[in-house]
Amino acid sequence: MLSQQNGDKSSQDRSRSWLPVRGGLCLKPQHYHDILETLPDVGWFEVHAENYLGDGGAPLHYLEKIREHYPLSVHGVGLSIGSSQGLDEHHLSRVANMVQRFEPESFSEHLAWSTHDNQFYSDLLPVPYNREVEDLVCQHIDQLQERIGRQMLLENPSNYLMMDNSTQEEAQMLSNIVQRTGCGLLLDVNNVHISAHNCDYDALDYISSLPLHAVGEIHLAGHATDTAVASEPLLIDTHDRQVADSVWALYEATLTKAGAKPTLIEWDASVPKWSVFLSELQQADTILQSKQVLENRVDAG
Amino acid sequence: MLTLDSFQHDAALALNDPTRQSPQNIAGRTIEGSSRRFNIYRNNRAGSLLESLQGTYPVLHKLLGDDFFRTAARQYIDESPPSGPVLSEYGERFGDFIQRLPGVSKYPYLNDVAKLEWQRLQSYHAADDAVLFPAVLQTIEPSTLLASRFTPHSAAHLIESRWAIGSLWSSTQEPDGSQVNLSQAENVLITRPQFDLQLQLVSSDGAMFMRQLCNGVTIEQAATHCLSVNANFDTGTHLQGLMGMGAFSQIIH
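Residues numbered from 1 in each chain as written. Chains lettered and ligands numbered in written order. Predicted model: local features only at pLDDT ≥ 70, side-chain atom pairs only at ≥ 80, totals over all residues. Heavy atoms only, no water.

Draft legend 1. Seen up close, the overall build of chain B. In terms of helices and strands, chain B carries eleven helices and six strands. In terms of overall dimensions, chain B is more spread out than a globule: its C-alpha atoms have a radius of gyration of 24 Å, far above the 18 Å expected for 253 residues. Each of the three principal axes of chain B carries a C-alpha extent, and together these read 80 × 45 × 30 Å. In chain B, buried positions account for 46% of the 253 residues. Contacts in chain B between residues at least 24 apart in sequence constitute 65% of all its contacts with a sequence separation of at least 6. (Helix = DSSP H or I, 4+ residues; strand = E, 2+ residues; numbered from the N terminus. Rg over C-alpha atoms; globule rule 2.2 N^0.38 Å. Buried < 20%, exposed > 50% of the residue type's maximum accessible area, 1.4 Å probe, protein only. Contact = heavy atoms within 4.5 Å.)

Draft legend 2. Representation of the sheet that holds strand β9 (residues 184–188) of chain A. All names here are of chain A. Strands sit in the order β1-β2-β3-β4-β7-β9-β10-β13 around a closed barrel of eight strands; the barrel is parallel. Taking the axes of each pair of neighbouring strands and ignoring which way they run, one obtains an average angle of 30° across the sheet. Where strand β2 (residues 44–48) meets strand β3 (residues 72–75), four bridges bridge the pair, whose relative direction is parallel. If you follow F45 over to β3, its bridge partner there is L72. Lying on the sheet, helix α10 (residues 274–300) is in contact with β1 (23–26), β2 and β13 (263–265); it crosses β1 at an angle near 155°. (Pairing = 2+ DSSP bridges. Axes fitted to C-alpha atoms, helices over the stretch in contact; angles between N-to-C directions.)

Draft legend 3. Examining the packing of aromatic side chains more closely. Throughout the structure, instances matching the rule amount to 18 aromatic pairs over all chains. Ring-pair connections join several aromatic residues into one group, and the members of that group are Y57, F69, Y76, Y90, F94 and F97 of chain B. (Phe/Tyr/Trp six-rings, centres within 6.5 Å; stacked < 30°, edge-to-face > 60°.)

Draft legend 4. Structural detail: the pattern of salt bridges. Residue and element names in this part refer to chain A. One pass over the structure, following the stated rule, counts 18 salt bridges over all chains. Two residues, D41 and R22, come together in a salt bridge whose shortest N-O distance is 3.4 Å. In this pair, D41 is assigned in the loop between α2 (32–38) and β2 and R22 in the loop between α1 (9–13) and β1, connecting sequence segments 19 residues apart. Taking the relative accessible area as the measure of exposure, D41 reaches 60% and is therefore exposed. Of the charged contacts in the structure, one is a salt bridge between R131 and D135, with a shortest N-O distance of 3.0 Å. Here R131 pairs with D135, and both are found in helix α5 (residues 131–148), just four residues apart, close to one helical turn. The network of salt bridges with shared partners includes R131, E134, D135 and R180. (Salt bridge = Lys/Arg side-chain N within 4 Å of Asp/Glu carboxyl O.)

Draft legend 5. The environment of F102 of chain A, seen in detail. All names here are of chain A. With respect to the helices and strands, F102 occurs in helix α4 (residues 89–102). By relative accessible area, which is 3% here, F102 ends up buried. In sequence terms F102 and A244 are 142 residues apart; their C-alpha atoms lie 33 Å from each other. For F102, the contacting residues outside a window of four places in its chain are L60, L63, E64, R67 and L72.

Draft legend 6. Looking closely at the interface of chain A and chain B. Listed per partner, the contact involves 51 residues of chain A and 41 residues of chain B. Here chain A and chain B share an interface that buries about 4100 Å² over both sides, 57% of which is from carbon and sulfur atoms. The largest share of the area that chain A buries against chain B comes from F120, Y121 and Y160 of chain A, three residues that together contribute 15% of it. Scanning the region where chain A abuts chain B turns up three salt bridges. A salt bridge links R37 of chain B to E232 of chain A; its shortest N-O distance comes to 2.9 Å. Linking chain A with chain B are 24 residue pairs in polar contact (both at pLDDT 80 or more). Residue assignment for the side of chain A that touches chain B shows that the elements contributing at least two residues are α3 (58–67), α4, β5 (113–116), β6 (119–125), α5, β8 (162–163) and β12 (234–237) of chain A. Classifying every residue of the side of chain A that touches chain B gives 22 nonpolar, 20 polar and nine charged. Two strands pair when backbone bridges link them, and β8 of chain A and strand β1 (residues 26–27) of chain B are joined in this way by two bridges, in the antiparallel orientation. The residue of β1 of chain B that forms the bridge with M163 of chain A is I26 of chain B. (Buried area = accessible area lost by both parts, 1.4 Å probe. Polar contact = N/O pair within 3.5 Å; in protein donor to acceptor, adjacent residues only side chain to side chain. Nonpolar A, V, L, I, M, F, W, Y, C, P; charged D, E, K, R; others polar.)

Draft legend 7. Examining the packing of helix α1 (residues 4–16) of chain B against helix α2 (residues 31–56) of chain B more closely. Residue and element names in this part refer to chain B. Contact geometry of α1 with α2 gives a least axis separation of 10 Å together with a crossing angle of 60°. With respect to α2, the axis of α1 lies oblique. The chirality of how α1 crosses α2 is right-handed. Within the contact between the two elements, α1 uses A11, A14, L15 and N16 and α2 uses F38, Y41, R42 and R45. (Parallel < 35°, antiparallel > 145°, perpendicular 65-115°, else oblique. Left-handed = near helix turned anticlockwise from the far one by under 90°.)

Draft legend 8. Spatial organisation of unusual backbone geometry. Residues and elements named next belong to chain A. Even without being glycine, D200 reaches a positive phi, approximately 65°. Topologically, D200 is positioned in the loop between α7 (189–199) and α8 (203–208). At H239, a residue that is not glycine, the phi angle is positive and equals roughly 55°. Assignment of secondary structure puts H239 in the loop between β12 and α9 (245–258). The exposure class of H239 is buried, given its relative accessible area of 11%.

Draft legend 9. Geometry of the sheet that holds strand β4 (residues 186–191) of chain B. Residues and elements named next belong to chain B. Sheet architecture is open: three strands sit in the order β3-β4-β5, paired in antiparallel fashion. Among the strands making up the open sheet, the edge pair consists of β3 (157–161) and β5 (198–202). Shown here is a sheet whose adjacent strand axes are inclined to one another by a mean of 25°, direction ignored. As judged from the five bridges shared by β3 and β4, these two strands associate in the antiparallel manner. If you follow S161 over to β4, its bridge partner there is E186. Running at roughly 60° to β4, helix α8 (residues 165–172) makes contact with β3, β4 and β5 of the sheet.

Draft legend 10. Seen up close, α8 of chain B. All names here are of chain B. Along α8, six of the eight residues are buried, which leaves the element largely enclosed by surrounding structure. For α8, the set of buried residues is I165, G166, L168, W169, S171 and T172. Taken together, the buried residues of α8 touch α3 (58–64), α6 (110–124), β3, β4 and β5.

Next comes the structure, spelled out in structure tokens:
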């Protein structure tokens, strides 16, 4: 297990996240040229590791160029940390090589599983919250952190259901995992909003019970509402539209508790014009700046 | 208590088979409610894999139409789900699958179009080899040259088809693409001199020469074979032509 030491160089190298406390954007191939030509004022970029595991070609070339100008977050979506059958050694080594090559300021993955019996299910599937799963996830995070030589951030899932073999709260299990592995948290505020609605709990209570000092990054995204059963609407994590007002409000309340944190606007489907991306980013930056001004005042006082 | 492994086993079976009940440990007021919630994962998975196949096969999608493509893709996902999380590596056999579907025998070129699209994607992600340009030929003694062998460029792929798949592919890139005489055989060479893919038609002589050279024989052996098939085979022209397109990365003396 990685311990949290302070001061010496090795612990700095293994730090949870060195992203600037700014708004960041997910990097999309259709924006490579715009970004390199105009070098927009974006705090940092995030990529999915699985989109940059080829041998060469345009994606790696443009990522390398863009990385020369911006801090980078690498976000894994396929390591299946919650799998009962162990991490896929081949995939792990590909991701580790990619992390070694780009030396990102942050690496993150999900509390979820996506692989079983050598089949990839292409979604972030839920795990029950109990001691068996906690032990297994800690073991996988230790293995992953050892392999990539640094701490990672673990992202809270968007939940559509609860399981009757859960014996603890999600926030409790995340706290335990942070404590046991030294990993940080990627707090997806949109996921909290969705899960709290779908599973009927209070979003801000959930956030308050997390170890907020360990949050190295925040995600914001758009979601859809499934009203097929009018009495029981469900929220779906779609990443295909602007961040909802309710999620912006929860984000502000989160920053009041956690302090300003590097914040990503996620948008993976129906990717809009670059200008729409930028306006979402500006909204995050404006909120971050106002929180930072407040924090500085408190510090000065 | 249900172990994680048995839950994931049940969930995996239910994701693969929509007629199967969702896993037992899902808490819900009613079975319908639990199923509705579990179906969100089913839909996410299907949507993600469908989008991936559509991204890999945009021309096939255009030729088949959205409805047919989606139905075929869903069946393919059932039959050949992905084994790993890198989706640009998923779907290699989709063309073979499409070609076997009822009603598709009238369009025997679809599998070759699929091969072209699949190889384009492989070339897009291939290693960044330097291209060996024809100017290098000036620096090599003729006798040494004849005994030399080429290493194909990692992004170079030759597709030899009985159908005009290169012209068909090109016509679909234009908003009002011209009619293509599909019965014309075409050999399509995909290359990637730097980061942009190129697609060029190669004569049957050029394709035969390329195939020989890719098998690792010397230039002399390849030329001898081609001359035995076509007494008018012009080694110099084809050598320069293939090299100019970016087919090779190294020459080994």
